[in-house]
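# Commentary on secondary and tertiary structure
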Amino acid sequence: KMILYDTTTDEDVNLNESLMNSILQSVSAPTLNQKESNQVIITNIGDDAIYCQLVKASVYIQQLINNVSKEHLMQYRGLYADKSDKKKVYLIYDDKLKNWFRARLDKLMDGDSQLMYMIDHGSKVIVRVQDIYRLDKVSYVLSLYPPQVLKFGLFNVAFTDDVKKRLLAMLPAGRQAF
């Protein structure tokens, strides 16, 4: 870690917080460019919509997550004290996908697992509490970074089970599309 100080005045001023706030203000939620085609990665075909990420955003957010130091994670394991706050962001490890993700608590469950909503993928996953970490304690900036998933419907098409099956056949998760 590095702390930057402004030493031009009589009192040294820690610049890290103001730099962090400035960076976060310049980061906006992903949007599609309406004037040209957009390359996206399908992350999930849900019950009500298609979820995707812009290709560049998907690579960048995963790099940020992978760069989080896992050295002191154990002390931040588990849910926040206020479990009703669905806005809190967690760092989770998904055993099936063998990867780290950002998620919010979707549903409080009895037992040692919780239903989590992966905010950069638009999908839900059941995660053991031992694989859930309070992200703001590990990476405050990453906990405030906007979700990178885009949710789409189909114009003039009802999202039925049949439509979902056809979409799953044509657009498997992880596939790039325009």
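One can find the structure itself at the top, above this paragraph.
These notes cover the structure that comes with them.

What counts as what
- Residues numbered from 1 in each chain as written.
- Predicted model: local features only at pLDDT ≥ 70, side-chain atom pairs only at ≥ 80, totals over all residues.
- Heavy atoms only, no water.
- Helix = DSSP H or I, 4+ residues; strand = E, 2+ residues; numbered from the N terminus.
- Buried < 20%, exposed > 50% of the residue type's maximum accessible area, 1.4 Å probe, protein only.
- Contact = heavy atoms within 4.5 Å.
- Areas by Shrake-Rupley, 256 points an atom, 1.4 Å probe, with all protein chains shown as cover.
- Lys, Arg positive; Asp, Glu negative; His and termini not counted.
- Charge placed at Lys NZ, Arg CZ, Asp CG, Glu CD.
- Salt bridge = Lys/Arg side-chain N within 4 Å of Asp/Glu carboxyl O.
- Arc of directions from axis to C-beta.
- Pairing = 2+ DSSP bridges.
- Axes fitted to C-alpha atoms, helices over the stretch in contact; angles between N-to-C directions.

### Some points on the overall build of the protein
- From N to C terminus, the protein includes five helices and 11 strands.
- Counting only C-alpha atoms and orienting by the principal axes, one finds that the protein spans roughly 70 × 50 × 25 Å.
- Burial status across the protein gives 38% buried among its 178 residues.
- Restricting the contact set of the protein to residue pairs at least 6 apart, pairs at least 24 apart contribute 57%.
- Approximately 11600 Å² of the protein is accessible, and the part contributed by carbon and sulfur atoms is 52%.
- Taking the average location of the 23 positive side-chain charges in the protein and that of its 21 negative ones, the two points are 8 Å from each other.

### Thoughts on the pattern of salt bridges
- Per the stated rule, a full pass over the model turns up seven salt bridges.
- The partner of Asp95 in a salt bridge is Arg128, and the shortest N-O contact between them spans 2.7 Å. Here Arg128 lies in strand 8 (residues 123-128) and Asp95 lies in the loop between strand 5 (90-94) and strand 6 (99-107), a separation of 33 residues in the sequence.
- A relative accessible area of 33% places Arg128 in the partly exposed class.
- Across the salt bridge formed by Asp131 and Arg128, the nearest N and O atoms sit 2.8 Å from each other.
- Accessibility expressed as a relative area gives 9% for Asp131, which makes it buried.

### Points about helix 5 (residues 161-170)
- Among all positions in helix 5, only Val163, Lys164 and Leu167 are buried. Looking straight down helix 5, one finds its buried side chains confined to an arc of 100°; they lie on one side. In helix 5, the exposed positions that point more than 90 degrees away from the buried face belong to Asp161, Lys165, Arg166 and Ala169.
- Lining the buried residues of helix 5 we find strand 3 (40-45) and strand 4 (50-54).

### Comments concerning the sheet that holds strand 9 (residues 132-134)
- Strands sit in the order 8-7-6-5-9 across an open sheet of five strands; the sheet is antiparallel. A single partner strand is all that each edge strand has here, and the edge strands are strand 8 and strand 9. Neighbour-to-neighbour, the strand axes of this sheet turn through a mean angle of 45°, independent of strand direction.
- Across the sheet, helix 2 (residues 55-66) lies against strand 5 and strand 6, angled at about 95° from strand 6, the strand it touches most.

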